[in-house]
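Read off the chains here:
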Amino acid sequence: MTKKKKIVVKIGSSLLANSDNLTLRYAFMNGLMSDLAYLQKQGHDIILTSSGSVALGLNMIDRKPEDAGILDKQAAAACGQPLLMNAYRQVASEYDMDVAQMLVTVEDMEDRRRFLNIKNTMLRLFENDILPIINENDSVATRDLRVGDNDRLSAKVAQMIDADLLIILTSVEGLYDRDPSDPDAKFIAEVKDVTEHLESTTGISTLGSGGMLTKMQAANMAQNAGCETIIAEGIIERPLSSVLNEERRYTRILVSGVTQSPLNIWLSNRLHVSGTLVVANDRVKALVEGGLGIRREDVISLQGDFTKGDVLHVYNEDGEEIARGLTNFSSEETMLLARNLDMPVEDVIGYKTKSDVIGAENILILQENHLLLDAPEHDQKFVVPV
Ligand SMILES: Nc1ncnc2c1ncn2[C@@H]1O[C@H](COP(=O)(O)OP(=O)(O)O)[C@@H](O)[C@H]1O
Ligand SMILES: N[C@@H](CCC(=O)OP(=O)(O)O)C(=O)O
C-alpha cells in the first residue's frame, strides 16, 4: 500500500476485554498499537473507534454483562473509559505515538454545526500526527438518542473525514451466510448489496452490542459515502497490516457506484429521526423526477416535535420512505402553514422567509442503495391531520 490513505479502524469490546473476568487484553492492544504506529509512519491518517468502556467498567460497579441494565452500562462506561484511555496512552507511548480522546453522541454527529466541529478537531489532530480515539459518550447519551454501537459510529466518522477505508476488527473472520456457530456456515469474501445479508446477521457475542447486523448497516453507510469496508478477525498478529497485505481472508464490502455531495451523504446517514412528513403520492413522482422541494400543500401529515434545520424523513402515503431533507420550519409552523393554505406564509408565521417546507437544494431522494427506515408507529399524540 503506497498511496496515503485515510483509514478508520473500529475495535469491538470482545477484542479488548477478556470475556471471563472482564479485564483488559494488553497483548491485543499491544499488537494493535504496533500495527497502527507502523501505518501512521507510512503516512496514513488513522482514526481509532474503540469500544470497551462498558465491558472494562463492569467489575467496578459489580455487574456482569448479562445482568447489566442501561443505568449500569452508563455507570460502567464512566468507570471503564479512563481505564481504556490510560492503557491506550501507555501502550501508544511505547511506539512513540500520541493519542487523544473524543467522546461523541448521536446528537453531536447529526447536528450539522457540531458535526463540522468534530471534523475540524480530527483534522487538526491529524496535522500533529496524533491518533484520535473515538467512543460514544455512553454516560450522557439517552436511550432513544444513542448510536448504541460503534460500528455505525465508525461509519459516520469515516463519512465525516471522507475516509478511503473502514476496517472493523471483531471476534470472527468476517461475514458468513449465517451465524458462524453453525458448522455449515459459509464465508462470504465480497459484498456489493448489504440488503442481501441483513437477515442472516442476528446473534452477537457476550460483550458485543450490535453483532454483524450493525456491521452491515455501517458498511452500507460507508459504501454510500465512497468508503470501502473490511470486516476481519482482530485477535491475530499484526491485525491491520496482515489484512492490508492480503495475508489472510476477510470480508470486503465494496463502494456503491453513486457518488454524492458531502451534504447528501450527511443527510442519508441518519440514525435519529427528528420528525417525519407524509407527502401526497401524486407529488412524490414530481419530487423524484423533477428535483423539486416539498411545498406546504404537499404535506398530508407530520410527526415529531422538530425545529427549523432538523432533518426530516419523508414518506409517501404507502409508508415508504422516499427522501430526507432539512426543514425550513418547525413542526408547529409546518402544521399552521399546511392548515392555512389560503394565507401567505409571512402572515401565518409572522416573518418573511422561504415558502418550501424543504427546499429542493436541501433534499435527498433516497436510492436503492440506501437502507430505508420504517415509518414510525402511528402516534396519535403527534400525528396531525393537516
Ligand atoms: N452471519 C454472520 N456472520 C458473522 N458473524 C455473525 C453472523 N451472525 C451473527 N454473527 C455474530 O456476530 C458476532 C460479532 O459481533 P459482536 O459480538 O457485536 O462483535 P464486536 O464486539 O466486535 O462488535 C460474532 O461473534 C458472531 O457470532
Ligand atoms: N460504547 C460502548 C461500545 C458499544 C459497542 O458498539 O460495542 P461493540 O459491539 O463491542 O463494538 C463501549 O465503549 O463499551
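Residues numbered from 1 in each chain as written. Chains lettered and ligands numbered in written order. Predicted model: local features only at pLDDT ≥ 70, side-chain atom pairs only at ≥ 80, totals over all residues. Heavy atoms only, no water.

- The name given to the chain in an unreviewed UniProt entry is Glutamate 5-kinase, with Sulfitobacter brevis as the source organism.
- On record in UniProt, under Catalytic activity (unreviewed entry), the comment for the chain is "L-glutamate + ATP = L-glutamyl 5-phosphate + ADP". (UniProt positions renumbered as here; feature names shortened; annotations may be inferred.)

### What about the overall build of the chain?
At step 1: What the chain contains, in helices and strands, is 13 helices and 16 strands.
At step 2: The C-alpha radius of gyration computed for the chain amounts to 22 Å, which stays within 12% of the reference 21 Å derived for 386 residues, consistent with globular compactness.
At step 3: Of the contacts made within the chain by residues no fewer than 6 positions apart, 72% connect residues no fewer than 24 positions apart.
At step 4: Surface accessibility of the chain: about 17,800 Å² in total, with carbon and sulfur atoms responsible for 47%.
At step 5: Taking the average place of the 39 positive charges on the side chains of the chain and the average place of its 58 negative ones, the gap between the two points comes to 4 Å. (Helix = DSSP H or I, 4+ residues; strand = E, 2+ residues; numbered from the N terminus. Rg over C-alpha atoms; globule rule 2.2 N^0.38 Å. Contact = heavy atoms within 4.5 Å. Areas by Shrake-Rupley, 256 points an atom, 1.4 Å probe, with all protein chains shown as cover. Lys, Arg positive; Asp, Glu negative; His and termini not counted. Charge placed at Lys NZ, Arg CZ, Asp CG, Glu CD.)

### Here we look at the UniProt feature "domain: PUA" (unreviewed entry) in the chain
At step 1: Per the UniProt record, "domain: PUA" (unreviewed entry) is found at residues 275–358.
At step 2: For residues 275–358, the end-to-end C-alpha separation is 12 Å, with 29% helix and 25% strand making up the annotated structure.

### Side note on unusual backbone geometry
At step 1: At Asp-62, a residue that is not glycine, the phi angle is positive and equals roughly 60°.
At step 2: Considering the arrangement of structural elements, one finds Asp-62 in the loop between helix H3 (53–57) and helix H4 (70–94).
At step 3: A positive phi angle, near 65°, is found at Asp-96, a position not held by glycine.
At step 4: Note on placement: Asp-96 falls in the loop between H4 and strand E3 (98–104).

### Points about the nonpolar core
At step 1: In terms of nonpolar packing, the biggest core is built from 43 residues, with Val-8, Ile-47, Met-122, Ile-134 and Ile-161 touching the most fellow members.
At step 2: Of all the secondary-structure elements, those providing two or more residues to this core are E3, helix H5 (106–110), helix H6 (112–127), strand E4 (130–136), helix H7 (150–160), strand E5 (165–170), helix H8 (211–224) and helix H10 (262–268).
At step 3: Top contributing element to this core by residue count: H8, with six residues.
At step 4: Counting the residues that make up this core, at least three belong to each of domain 1 (6–264) and domain 2 (273–382).
At step 5: Listed in part, the 42 residues of the second largest apolar core include Ile-11, Ala-87, Met-97 and Leu-244. (Core = buried A, V, L, I, M, F, W, Y, C linked by side-chain atoms within 4.5 Å. Buried < 20%, exposed > 50% of the residue type's maximum accessible area, 1.4 Å probe, protein only. Domains from an automatic or database assignment.)

### Here we look at the domain arrangement of the chain
At step 1: Under the domain assignment used here, the chain contains domain 1 (6–264) and domain 2 (273–382).
At step 2: Computed over C-alpha atoms only, the centres of domain 1 and domain 2 are separated by 34 Å.
At step 3: Taken together, the contacts link 11 residues of domain 1 with seven residues of domain 2.
At step 4: Approximately 740 Å² of surface area, both sides summed, lies buried where domain 1 meets domain 2, with 55% of it carried by carbon and sulfur atoms.
At step 5: For the interface between domain 1 and domain 2, the tally reads zero salt bridges. (Buried area = accessible area lost by both parts, 1.4 Å probe. Salt bridge = Lys/Arg side-chain N within 4 Å of Asp/Glu carboxyl O.)

### Let's talk about the site of ligand 2
At step 1: Close to ligand 2 lie 14 residues; Lys-10, Ser-13, Ser-51, Asp-138 and Asn-150 are nearest.
At step 2: Here an oxygen atom of ligand 2 sits 2.7 Å away from a polar atom, N or O, in the side chain of Ser-51.
At step 3: Here ligand 2 loses 96% of its free accessible area of 380 Å² to cover by the protein chains.
At step 4: Among the residues forming the shell around ligand 2, the class breakdown is one nonpolar, 10 polar and three charged. (Near = heavy atom within 4 Å. Polar contact = N/O pair within 3.5 Å; in protein donor to acceptor, adjacent residues only side chain to side chain. Nonpolar A, V, L, I, M, F, W, Y, C, P; charged D, E, K, R; others polar.)

### So, H4
At step 1: With 25 residues, H4 extends 36 Å from end C-alpha to end C-alpha; this agrees with the ideal 36 Å at 1.5 Å per step.
At step 2: Gly-80 marks where H4 bends most, by close to 30°; the proline Pro-82 follows one to four residues later.
At step 3: Of the residues one or two after H4, Asp-96 is the one with positive phi, at around 65°. (Expected span 1.5 Å × (residues − 1). Bend = angle between axes of the 7 residues up to and from the residue.)

### Looking at the confidence of the model for the chain
At step 1: Here the chain shows a mean pLDDT of 91. Residues at 70 or above account for 95%.
At step 2: Our summary of model confidence lists the complex with pTM equal to 0.90 and ipTM equal to 0.97. (pLDDT = per-residue confidence, 0-100.)

### So, the UniProt feature "binding site: substrate" (unreviewed entry) in the chain
At step 1: Mapped onto the present numbering, the UniProt feature "binding site: substrate" (unreviewed entry) falls at Ser-51, Asp-138 and Asn-150. The greatest C-alpha distance among the annotated residues, which extend across 100 residues, is 10.8 Å, indicating that they converge on a single site.
At step 2: Inspection of the secondary structure puts Asp-138 in the loop between E4 and H7.
At step 3: Not counting chain neighbours up to four residues away, the residues in contact with Asp-138 comprise Ser-53, Val-54, Gln-74, Ala-77 and Arg-146.
At step 4: Here Asn-150 lies in helix H7.
At step 5: When neighbours within four sequence positions are excluded, Asn-150 is seen to be in contact with Lys-10, Thr-49, Ser-50, Ser-51, Asn-135 and Glu-136.
At step 6: A polar contact is formed between the side chain of Asn-150 and the backbone oxygen of Ser-50, at a distance of 3.5 Å.

### Details of a negative patch on the surface
At step 1: Taken together, the side chains of Asp-282, Glu-317, Asp-318 and Glu-320 make up a negatively charged region of the molecular surface.
At step 2: Relative to the assigned elements, Glu-320 resides in the loop between strand E13 (311–315) and strand E14 (321–326). (Patch = residues over 30% accessible without salt bridge, like charges linked within 9 Å, V, L, I, M, F, W, Y side chains within 5 Å.)

### Brief notes about the sheet that holds E3
At step 1: Strand order in the open sheet made by the eight strands is E3-E4-E2-E1-E5-E9-E10-E8, with mixed pairing throughout. This sheet does not close on itself; its edge strands, each paired only once, are E3 and strand E8 (190–191).
At step 2: Bridge count for strand E9 (residues 228–233) against strand E10 (residues 251–253) is three bridges, and the pairing is antiparallel. Within the sheet, the bridge partner assigned to Ile-230 lies in E10 and is Arg-252. (Pairing = 2+ DSSP bridges.)

### Quick word on the packing of aromatic side chains
At step 1: Within the structure shown, the criterion is met by two aromatic pairs.
At step 2: Seen from their ring centres, Tyr-176 and Phe-187 are 5.3 Å apart, and the 80° between their planes marks the pair as edge-to-face. Remark: Phe-187 occurs in strand E7 (residues 187–188) and Tyr-176 occurs in strand E6 (residues 175–176); sequence separation between them is 11 residues.
At step 3: Taking NZ or CZ as reference, Arg-249 lies 4.1 Å from the ring centre of Phe-187, over its face.
At step 4: The lysine or arginine in question, Arg-270, covers the ring of Trp-266, its NZ or CZ lying 4.6 Å from the ring centre. (Phe/Tyr/Trp six-rings, centres within 6.5 Å; stacked < 30°, edge-to-face > 60°. Lys NZ or Arg CZ within 6 Å of the ring centre and 35° of its normal.)

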